[in-house]
Amino acid sequence: MVIAFLVAQACDGVLTYVGVSLHGATIEGNPLLGWLMEWMGHGVALATAKALAGALGIALHLAGVHRLVAALAAFYLVVAVAPWIAILFL
């Protein structure tokens, strides 16, 4: 499950980068991440956020909370990856 979580994070990061590059940081639904992108730049902010999320997901995996990691992977696919796919490709 940790691999699925990390793949979901990577997909979200790539799709978010493409989306904000095309439409600007105001399209980002997370206000904290939008602010970080304005302050740090799109790439640095996304790399930082995704690295932190990945590290926390790995920590949960190592703590044996596998169902939570699986739920978070599914959550990211539904509320982050799917909307970016709809915005960018549909």
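It should be noted that the structure appears before, not after, this text.
Notes on the structure follow. (Residues numbered from 1 in each chain as written. Predicted model: local features only at pLDDT ≥ 70, side-chain atom pairs only at ≥ 80, totals over all residues. Heavy atoms only, no water.)

Before going further, it helps to examine the environment of alanine 45. With respect to the helices and strands, the residue alanine 45 is situated in helix α3 (residues 42–62). Since its relative accessible area comes to 0%, alanine 45 is described here as buried. As for alanine 45 and leucine 77, which are separated by 32 residues in sequence, their C-alpha atoms are 20 Å apart. Excluding its chain neighbours within four sequence positions, the residues that come into contact with alanine 45 are Leu33, Leu36, Met37 and Met40. (Helix = DSSP H or I, 4+ residues; strand = E, 2+ residues; numbered from the N terminus. Buried < 20%, exposed > 50% of the residue type's maximum accessible area, 1.4 Å probe, protein only. Contact = heavy atoms within 4.5 Å.)

Mapped onto the fold, aspartate 12 is located in helix α1 (residues 2–23). Overall, the relative accessible area of 7% leaves aspartate 12 in the buried class. Dropping the residues within four chain positions of it, aspartate 12 is found in contact with Lys50, Tyr76, Ala80, Val81 and Trp84.

The subject of this paragraph is the nonpolar core. Grouped together as the largest cluster of nonpolar side chains are seven residues: Val20, Ala25, Leu33, Leu36, Met37, Ala45 and Leu46. Those elements giving two or more residues to this core turn out to be α2 (31–40) and α3. Per-element tally for this core: the top contributor is α2, with three residues. If we skip the residues at most four places from it in the chain, leucine 46 touches Gly13, Thr16, Tyr17, Leu33 and Met37. (Core = buried A, V, L, I, M, F, W, Y, C linked by side-chain atoms within 4.5 Å.)

Tallied over the full model, the rule gives one salt bridge. A salt bridge links lysine 50 to aspartate 12; the shortest N-O distance between them is 2.6 Å. Here lysine 50, found in helix α3, pairs with aspartate 12, found in helix α1; they are 38 residues apart in sequence, far enough to count as distant. In this structure lysine 50 comes out as buried when scored by relative accessible area, which is 16%. (Salt bridge = Lys/Arg side-chain N within 4 Å of Asp/Glu carboxyl O.)

Another aspect to go through is α1. With 22 residues, α1 should reach 32 Å at 1.5 Å per residue; the first-to-last C-alpha distance of 31 Å fits that figure. Buried within α1 are the following residues: Val2, Phe5, Ala8, Gln9, Asp12, Gly13, Leu15, Thr16, Gly19 and Val20. Tucked into the core, α1 has its buried residues touching α2, α3 and α4 (66–89). (Expected span 1.5 Å × (residues − 1).)

Function cannot be inferred from these measures alone, as they are strictly geometric.
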